[in-house]
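# Geometric and topological summary
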Amino acid sequence: MSAADTTTPAKVPPPRQAPPPPADELPRPNRPSGAAAVPWLLLAPCLLILALVMGYPLARLVTLSFQKFGQSQLWGFQPAESVGFDNFVKVLGDGEFWTVVVRTIVFAAGAVVLTMVVGMAIALLLQRVSGWLKVLITVVLVASWGMPVIVATTVFKWLFDSDYGVFNALLSKLPGVEMIGHNWFASGPEGLAVIMLLVVWGAVPFVVITLSAGLTQVPKELEEAARLDGAGAWGVFRYVTLPVLKPIIVMLTTLSVIWDMGVFPQVFVMRNGHPEPEFQVLNTYSYDRAFVVNDYAQGSAIALITVLLLLGVVAVYMRQMLKIGEVE
């Protein structure tokens, strides 16, 4: 064997590869002409319906809010007059309006907090039960969710009736408590509390179903690791479950604020179509000004202010949706 055969051959370094071209220089797949317009063509029927259903009423609402428009203008006896911002000045300078705004915010905040707390409790309960009990709870939730608002309102009026109400009868069973004949709607705070329970009753099923779906995405390994580290049930919920559910909780809370700020049929029907001043929220107050006082312009101004308030909440909702999209 020669020395050349025993000599280790020198390792040749691999050829250096050229860096990849920038993304903007990469060849793009050829798309057929008009492909970018296909999504808009598919969305066109929906956008057209939205423009017809919401566009014209919203434009008319804005127009009325800057006019003097009452019964005389409605029946054509007098032409509508442009008054600029006079309607908004009257509304914003009215102390009753700000009382209604505060009442609406307090009502919505209480309903949202109660909805989220009860919804989270029931969702966690569903994770710990199985078999027929879980099916039964789910069926009850879906049934209450599908119940029309008018039917649910009628049921609650019966439950809290002063003479024949089930709730008063149950409270009277407690030692030293006599609630037979108690009228829950004699005062605004008590009556609004009943209406709040009605709103929560209709909102909880959606929250429970959504949170239950989110709880299935919580990694069991993280929960087990937290328990091994000594965390209790509250620690696991606070440091493991809540962070995972945070995007869902934010979206549900934002949607609940939008819905509860715009509550109307529960208050309107519960008070037999004539809500007293202490029961007025923004939507019923706008309706009352427009169709009871027959000042359609001022009612439109109140409705437009309400829309602007809700648009602020919608902006928060859309911002959270975009954040979740970026994370995904």
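Residues numbered from 1 in each chain as written. Predicted model: local features only at pLDDT ≥ 70, side-chain atom pairs only at ≥ 80, totals over all residues. Heavy atoms only, no water.

### Brief notes about the overall build of the protein
Heads up, the rule is: Here a strand is any run of E in DSSP of at least two residues, a helix any run of H or I of at least four, and the numbering for each starts at the N terminus. For every residue, the accessible area obtained with a 1.4 Å probe (protein chains only) is divided by the maximum for its type, and the residue is called buried under 20%, exposed over 50%, and partly exposed between those limits. Here the open area of atoms and residues is found with the Shrake-Rupley method and a 1.4 Å probe, where only the protein chains shown may cover a residue.
Of the regular secondary structure elements, the protein holds 14 helices and two strands. For the protein, the residues scored as buried account for 32% of the 328 residues in total. By element, 69% of the accessible surface of the protein is carried by carbon and sulfur atoms, the whole surface being about 21,000 Å².

### Some remarks on a nonpolar patch on the surface
The condition that has to hold: Within the patch definition used here, like charges are joined within 9 Å and nonpolar side chains (Val, Leu, Ile, Met, Phe, Trp, Tyr) within 5 Å, considering only residues with over 30% relative accessible area and no salt bridge. One speaks of a salt bridge when a side-chain nitrogen belonging to Lys or Arg is within 4 Å of a carboxyl oxygen belonging to Asp or Glu.
On the surface, W40, L43, L47, L48, I49, L50, L52, V53 and M54 cluster together to form a nonpolar patch covering roughly 970 Å² of accessible area. In this fold, L50 is placed in helix α2 (residues 38-65). Residue L50 is classed as partly exposed on the basis of its relative accessible area of 41%.

### Digging into the pattern of salt bridges
As enumerated under the stated definition, the model contains four salt bridges in all. As a salt-bridge pair, R289 and E96 come within 3.4 Å of each other at their nearest N and O atoms. Taken together, the residues R289 in helix α13 (residues 282-292) and E96 in helix α5 (residues 95-126) connect sequence positions 193 residues apart. The class for E96 is partly exposed, based on a relative accessible area of 36%. Here E276 and R271 are joined by a salt bridge, their closest N and O atoms 2.7 Å apart. Of the residues examined, R271 reaches a relative accessible area of 14% and is grouped as buried. Salt bridges linked by common partners bring D94, E96 and R289 together as one network.

### Regarding the environment of W145
Considering the arrangement of structural elements, one finds W145 in helix α6 (residues 132-146). Expressed as a C-alpha distance, the spacing of W145 and V204, which sit 59 residues apart in the sequence, is 8.0 Å.

### Examining the packing of aromatic side chains
This is how the line gets drawn: The aromatic pairing rule takes the rings of Phe, Tyr and Trp, using the six-membered ring of Trp, and pairs them if the centres are within 6.5 Å, calling planes under 30 degrees apart stacked, those over 60 edge-to-face and the rest tilted.
Using the criterion set out here, one finds 19 aromatic pairs in the structure. Between the aromatic rings of F66 and F88, the centroid separation amounts to 5.2 Å while the plane-to-plane angle is 50 degrees, which identifies the pairing as tilted. Taken as a pair, F66 in the loop between α2 and β1 (67-68) and F88 in helix α4 (residues 86-92) lie far apart in primary sequence, 22 residues in all. For F66, a relative accessible area of 25% puts it in the partly exposed group. A relative accessible area of 11% means that F88 is categorised as buried. By the ring-pair criterion, three or more aromatic residues cluster together here, those being F69, F264, F268, Y287, F291 and Y296.

### So, the packing of α5 against α6
In plain terms, the rule: Axis angles are defined between N-to-C directions and span 0 to 180 degrees, where every axis is a line fitted to C-alpha atoms and, for a helix, only to the segment in contact. The scheme is simple: roughly parallel for angles under 35 degrees, roughly antiparallel for over 145, roughly perpendicular for 65 to 115, oblique for anything else. Any two residues whose heavy atoms approach within 4.5 Å are treated as being in contact. Note on residue categories: nonpolar means Ala, Val, Leu, Ile, Met, Phe, Trp, Tyr, Cys or Pro, charged means Asp, Glu, Lys or Arg, and polar means any other residue, Gly included.
In contact at an axis separation of 10 Å, α5 and α6 are set at 150 degrees when each is read in the N-to-C sense. Taken together, α5 and α6 sit at an angle that is classed as roughly antiparallel. On α6, the residues that touch I122, L125 and L126 of α5 are K134, I137, T138 and L141. By residue class, the composition of the contact of α5 with α6 is five nonpolar, one polar and one charged.

### Topic: α6
Filter applied, for reference: Between the first and last residue of a helix there are one fewer steps than residues, each counted as 1.5 Å, and that sum is the expected span. This arc corresponds to the set of directions leading from the helix axis out to the C-beta atoms.
Relative to the 21 Å expected for 15 residues at 1.5 Å per residue, α6 spans 21 Å between its end C-alpha atoms, a close match to the ideal helical length. Here α6 has its buried residues at I137, L141 and S144. With its buried residues spanning 70 degrees around the axis, α6 presents them on a single face. Those residues of α6 that are exposed and angled more than 90 degrees off the buried face are W132, V135, V139 and G146. Among the structural elements, α5 and α9 (188-215) are those in contact with the buried residues of α6.

### Concerning α5
To keep it simple, the criterion reads: Whenever two N or O atoms come within 3.5 Å, that pair is a polar contact, provided that in protein one can donate a hydrogen and the other can accept it, and provided that, for residues adjacent in sequence, both atoms are side-chain atoms.
A rise of 1.5 Å per residue sets the reference length of α5, with its 32 residues, at 46 Å; its end C-alpha atoms lie 46 Å apart and thus fit the reference within 8%. A distance of 3.1 Å separates the backbone nitrogen of E96 from a side-chain oxygen at the start of α5, and that oxygen is part of D94.

### Some points on the environment of S187
Here S187 shows up in the loop between α8 (166-172) and α9. Judged by its relative accessible area of 28%, S187 is partly exposed.

### Quick notes on the nonpolar core
Definition in use: Throughout this description, the term nonpolar core refers to a set of buried Ala, Val, Leu, Ile, Met, Phe, Trp, Tyr and Cys residues connected via side-chain atoms within 4.5 Å.
Counting 41 residues, the largest nonpolar core has F107, F185, I195, L211 and M270 as its most contacted members. Where this core is concerned, the elements lending two or more residues are α5, α6, α7 (149-159), α9, α11 (233-261) and α12 (265-270). With 12 residues, α9 is the single largest residue contributor to this core. Counting 13 residues, the second-largest nonpolar core is a separate cluster that includes L61, V100, I302 and A303.

### As for the confidence of the model for the protein
Our working rule: Confidence per residue, as judged by the predictor, is encoded in pLDDT with a range of 0 to 100.
Counting all residues, the mean pLDDT for the protein is 83, and 88% of those residues have values of 70 or more. Ranking the elements of the protein by mean pLDDT puts helix α1 (residues 3-6) last with 48 and α5 first with 93.

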